[in-house]
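Per-entry structural report
Next come the chains, spelled out residue by residue.
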Amino acid sequence: MTTLARGLDTLTRDALAVLQPGFTGTTAPDWVLRRLGEGLGSVGIFGRNINSSEQLAALTAQLRAEREDLLVAIDEEGGDVTRLEVRTGSSFPGNLALGAVDDTALTQAVAREMGRRLAACGVNLDWAPSADVNSNPDNPVIGVRAFGADPQLVARHTAAYIRGLQGAGVAACTKHFPGHGDTAVDSHHAMPRIDADLDTLTARELIPFRAAVAAGTKAVMSAHILVPALDPGLPATLSPAALHGLLRAPVSEGGLGFEGLIVTDGMEMQAISAAYGIDRGSVLAIAAGADAICVGGGLSDEDTVVRLRDALVAAVRAGELPEARLADAAARVRALGDWARQAGGPGAAEGIAPAPEAGLRAARRALRVTPGDQPYEPPTGPAFVAAFTPMANIAVGDETPWGVAAELARLLPGTGTATYGQRDIEGVTDGVPALIANVLGKAADRRIVAVVRDVHRHPWMADALDTLLAARPDTVVVEMGVPQAPPTGALHIATHGAARVCGLAAAEVITGGVAGG
């Protein structure tokens, strides 16, 4: 194990300690290993770093050989947002599915199994769960990532998730404080704004975060959202009022009394980088009360780490950032690293009985099946899956497969599929009718299964579905987003998420198999 490099002052080591950078490759680059020796306290793992569980375990072992108390973080929510299974789809349903079942013991069991798998791979910090209350059904970035729209439901499942994850030795990072659920803008692209008053925030957004703190969450992630009731000028990530004045403040003073690690959301996101730049934004975030700077989803090079380190050091020397604040942030990173070293790792995973079917059981229980006017007859031969696909948000990504086609083809050999998007009707004569004519031509006499995702948010998708159902009333409809629109079709299946196991559970029902297992 490499010892800390001599010749680096405490200030420089503290500046490195508060960074959570990403990198490219499935083995650790030399620059990462070198920076670990200089004080870097965390790294972030993304889908690009993972080929298999065995490879990931070897990568984290390589990193930890340089620093035993290293925090290895990952964005593994399960459901639509997965990094462990980025190329296959997740073995776990996401939060909305778990909220739909509303069995906290099940949520805890699913999170514990996820934690066990992460720990076995050497990951000890998960940027999850999402504690957002999805009060705006048109939210473009949260949706099925939330347990639901009811604050109390979200609170009890957030707490259960934390207990499960941390019971496996993996620190939970509850997000996106003070709550991203009432936004209509994706902070990856622009600055969202929540105009709710303080009473509404207290009765809605903050309830799950209070439950998370009570459950002992080791970390909380800030949101790049403007909440004028807290701070009229600065987004929460950069706001002393939101972080120090609310999240850290004692409960007796109206705060949440959180003592753990405050992590920023990705600093490359346009809500911060476009308005402040990541250098200035990182300085402001640490000054506001954040302890760790998440960067690396998009910027994953050594130059970024050096830039941010030097910006923090320069800010301290210029009197813009108190040295004590930076030292406190670095100490919190190291304290969580010490906890994770003692509580987590492959040894912790070995002490937990595997539960490989936990995710599928949860996905089956989450299904909501609504029959049409006529008795449903499952197809006995090949089907045709028409997937009406919206543009994926950045958190989900477009490389993770979703839908029911693969699982249905396994159960009904010869099943075909085609994908349709808004681009297929824009600028096209008779756009929707032409699209549906294409579906009908490819399907021929096979049963059609229409897969949609948040159909209530996409008028083109709703028009296409209505047109298809008028032509083929026997079409099965599978909604894999938020089931806000009224059920339609010969059989309507709401999966509450697009994870691989959600597709499998839906395919079983389409073919007349199990549900509610």
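All chains use their own residue numbering, which begins from 1 and follows the written sequence. Only residues with pLDDT of 70 or above have their local features reported here, since the model is predicted, and side-chain atom pairs are shown and tallied only from 80 upward, although totals for entire chains, interfaces and linings are computed over all residues. Excluding hydrogens and water, the side-chain figures rest on all heavy atoms present in the structure.

**Side note on the confidence of the model for the protein**
As a per-residue quantity, pLDDT reports the predictor's confidence and falls between 0 and 100. Summary statistics for the protein give a mean pLDDT of 93 and a share of 95% for residues scoring 70 or more. When the criterion is pLDDT under 50, residues 1-7 qualifies, and its contacts beyond four places in sequence or with other chains add up to 17 contacts. Two residues form a contact once any of their heavy atoms are found within 4.5 Å.

**A few points about the sheet that holds strand 6 (residues 219-222)**
Strand pairing is assigned whenever DSSP identifies at least 2 bridges connecting the two strands. By definition, any uninterrupted DSSP run of H or I lasting at least four residues is a helix, any uninterrupted run of E lasting at least two residues is a strand, and each is numbered from the N terminus. On the basis of which strands lie adjacent, the open sheet formed by six strands has the order 2-3-4-5-6-7 and parallel pairing. The open sheet is flanked by strand 2 (42-45) and strand 7 (261-263), the only strands paired with a single partner. Contacting strand 2, strand 3 (71-74), strand 4 (125-126), strand 5 (171-177) and strand 7, helix 13 (residues 323-343) crosses the sheet at an angle of about 90° to strand 3. For helices, the fitted axis covers only the stretch in contact; all axes are lines through C-alpha atoms, and the angles between them, taken along N-to-C directions, range from 0 to 180 degrees.

**Notes on the environment of A434**
Looking at the secondary structure, you find A434 in helix 17 (residues 431-443). Given a relative accessible area of 33%, A434 falls into the partly exposed group. Type-normalised accessible area, obtained with a 1.4 Å probe on protein chains alone, sets the label of each residue: buried when under 20%, exposed when over 50%, and partly exposed for intermediate values.

**Focus: the environment of T26**
Mapped onto the fold, T26 is located in the loop between strand 1 (19-20) and helix 2 (30-38). In this structure, T26 is in contact with R48, N49, I50, N51, Q55 and L59, ignoring residues within four places of it in sequence.

**Considering the pattern of salt bridges**
A side-chain nitrogen of Lys or Arg and a carboxyl oxygen of Asp or Glu constitute a salt bridge if their distance falls within 4 Å. The tally for this structure, following the rule as stated, stands at 33 salt bridges. A salt bridge links R35 to E302; the nearest nitrogen and oxygen atoms lie 2.7 Å apart. Taken together, the residues R35 in helix 2 and E302 in helix 12 (residues 302-317) connect sequence positions 267 residues apart. Its relative accessible area of 11% is what places R35 among the buried residues.

**A closer look at the state of the cysteines**
The disulfide definition used here is simple: a pair of cysteine sulfur atoms within 2.5 Å. Following the criterion strictly, the structure yields zero disulfides and no others. C173 provides the cysteine sulfur closest to C121, a residue in no disulfide bond, and the two sulfurs are 19 Å apart. C121 gets classed as buried once you look at its relative accessible area, which sits at 4%. Left unpaired, C173 is separated from the closest cysteine sulfur, that of C294, by 8.5 Å. Look at C173 and you get buried, because its relative accessible area is 0%.

**Observations regarding the packing of helix 2 against helix 12**
It is at 10 Å that the axes of helix 2 and helix 12 come closest, and there the two elements cross at 25°. One element, helix 2, and the other, helix 12, form an angle in the roughly parallel class. As for the relative orientation of helix 2 and helix 12, their crossing is left-handed in sense. Where helix 2 abuts helix 12, its residues W31, R34, R35 and E38 lie against E302, V305, V306 and R309. Roughly parallel refers to an angle under 35 degrees, roughly antiparallel to one over 145, roughly perpendicular to one between 65 and 115, and oblique to any angle outside these ranges. Whether a crossing is left-handed or right-handed is set by the direction in which the near helix is turned from the far one by less than a right angle, anticlockwise for left-handed and clockwise for right-handed.

**A word on helix 1 (residues 10-17)**
Counting buried positions over the eight residues of helix 1 gives six, a clear majority of the element. Within the span of helix 1, buried status applies to L11, T12, D14, A15, L16 and A17. On its buried side, helix 1 packs onto strand 1, helix 2, helix 12 and helix 13.

**So, the nonpolar core**
Definition used in this section: a nonpolar core is a set of buried Ala, Val, Leu, Ile, Met, Phe, Trp, Tyr and Cys residues joined via side-chain atoms within 4.5 Å. If you look at the biggest cluster of nonpolar residues, it comprises 91 residues, and the most contacted ones within it are L19, L63 and F177. Here the element with the most residues in this core is helix 12; it accounts for seven residues. When residues no more than four places from it in sequence are discounted, the contact partners of L63 are F23, A28, V32, L33, L36, V43 and L70. Core analysis: the second largest hydrophobic core is formed by 27 residues, A383, M480, I493 and A506 among them.

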